[in-house]
Amino acid sequence: MDPFVTFHDQHSPAAAGSLSQELMVGLAATPKYTSPKFFYDRRGSELFDAICEQPEYYPTRTEEAILRAAASEIAEAVGRDATLIELGSGASRKVRLLLEALHPACYLGVDISRDFLLDSTRRLATDYPWLEVHAACADFSQPMCWPEGLSGERPVAFFPGSSIGNFTPAEAEAFLVGLAQLLPPGGGLLIGVDLIKDRAILNAAYNDAAGITAAFNLNLLERLRRDFEAEVEPSRFHHLAFYNEVESRIEMHLVSRCDQAIRLAEERFFFAEGESLHTENSYKYSVAGFVELAGRAGFEPCAHWTDRDALFCIHYLER
Ligand code: AVI
């Protein structure tokens, strides 16, 4: 183990059998659905990184630009005594901008993907020798607790990327209630939230011309074959993503090109031509709408920052 990173293992991965049960529940439902967590095998994570580089996918570069432009204001609002806790730390790119502005004594990266987490926290420990670095392998969408041994008084959670948008609003509220319970009074939440905007911009972001989002969506079926020994022919489905204005969300689906079945374990799930498997929602919020939701979960708004085109918002809230 790298001497500069304290590793805390809080995750016992669900057995393949229970994941396969979960998939079967969604495939048997009407309409059919799968949880977005099934996107993220190694190939899915690589494709997601590639999505973030696409010219149409504005959230990543816009959030980074806001962090860069507002770094000192953010540091002012958050305070320099924070223990920074990054939820879903992944490649830990955005947090570097914050570390440089906040100079906290202690950082904890929390991610479900052990290898990714270890690589990225080791890189942080090397690049920021003054920083006490902890890594917790955990599924932060499930109840968790902060590991022992973090120095610093005031935890501030950093949840970038508008990953909150992949929960339904009710799930997002429940998640924030759980997070609020982990924070002492005065503890903070710095969170990136994608904003409601012109549908043409949203539709383009999830239908990039290079077809990377389509490949990301279809990789789910490849993964069913690879990891769950499903019988499924991905070329018999096509990618569909559109903005549902009533629900303020992008919906991603895989639409069947013909009458067919997916076999998983001993079950067969029939698709009529044109029937879809709903693979993801990505909710968009107004600034006020998100503040209201977070308020119901026990967070008070302190400050927020947006870009000039009002594409994306970073909120800072406290308990
Ligand atoms: C991870 N999450 C915030 C992305 C989003 O925009 O909802 C996942 C994604 N799906 C398709 N493109 C990107």
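Cut-off values and rules
Residues numbered from 1 in each chain as written. Predicted model: local features only at pLDDT ≥ 70, side-chain atom pairs only at ≥ 80, totals over all residues. Heavy atoms only, no water. Helix = DSSP H or I, 4+ residues; strand = E, 2+ residues; numbered from the N terminus. Expected span 1.5 Å × (residues − 1). Buried < 20%, exposed > 50% of the residue type's maximum accessible area, 1.4 Å probe, protein only. Arc of directions from axis to C-beta. Pairing = 2+ DSSP bridges. Axes fitted to C-alpha atoms, helices over the stretch in contact; angles between N-to-C directions. Contact = heavy atoms within 4.5 Å. Near = heavy atom within 4 Å. Polar contact = N/O pair within 3.5 Å; in protein donor to acceptor, adjacent residues only side chain to side chain. Areas by Shrake-Rupley, 256 points an atom, 1.4 Å probe, with all protein chains shown as cover. Nonpolar A, V, L, I, M, F, W, Y, C, P; charged D, E, K, R; others polar. Right-handed = clockwise from strand over helix to strand, strands pointing away.

Caption draft 1: Expanded view of helix α1 (residues 16-28). With 13 residues, α1 ought to run about 18 Å at 1.5 Å a step, and its terminal C-alpha atoms sit 18 Å apart, in line with that. Every buried residue of α1 is accounted for by Leu19, Ser20, Leu23, Met24, Gly26 and Leu27. One face of α1 carries all of its buried residues, which in axial projection span an arc of 160°. More than 90 degrees from the buried face of α1, the exposed residues found are Val25 and Ala28.

Caption draft 2: Quick look at the sheet that holds strand β4 (residues 106-111). Read across the sheet, eight strands follow the order β1-β5-β4-β3-β6-β7-β14-β13 without closing on themselves; strand pairing throughout is mixed. Among the strands making up the open sheet, the edge pair consists of β1 (5-9) and β13 (300-306). Adjacent strand axes in the sheet meet at a mean angle of 20° when their direction is disregarded. In the sheet, strand β3 (residues 82-87) pairs with strand β6 (residues 154-159) via five bridges, with the strands oriented parallel. Looking at β6, one finds that alanine 82 is bridged to arginine 154. Each of β7 (188-194), β13 and β14 (312-318) is contacted by helix α10 (residues 287-296), which is oriented at about 30° to β14, the strand it contacts most.

Caption draft 3: A look at the site of the ligand. What surrounds the ligand is a group of 14 residues, the closest being Tyr57, Asn166, Tyr206, Glu280 and Ser282. Note that a nitrogen atom of the ligand is positioned 2.7 Å from one of the side-chain N or O atoms of glutamate 280. In this structure, an oxygen atom belonging to the ligand sits 2.6 Å away from a side-chain N or O atom of serine 282. For the ligand, whose free accessible area comes to 340 Å², the fraction covered by protein is 96%. Breaking the shell around the ligand down by element, the ones donating at least two residues are α2 (42-52), α9 (212-228) and β12 (276-283). When its residues are assigned to classes, the shell around the ligand shows seven nonpolar, six polar and one charged.

Caption draft 4: Up close: the pairing of β6. Counted residue by residue, β6 has six buried out of six residues, so it is predominantly covered. Of the two faces of β6, the one holding Arg154, Val156 and Phe158 and the one holding Pro155, Ala157 and Phe159 are both buried throughout. Here β6 runs beside β7; their pairing, made up of four bridges, is parallel. Within β7, the residue paired with phenylalanine 158 across the bridge is leucine 190. In this fold, the crossover linking β6 to β7 by way of helix α7 (residues 169-182) has right-handed handedness.

In short, the description is geometric, and any link to function would need to be established separately.
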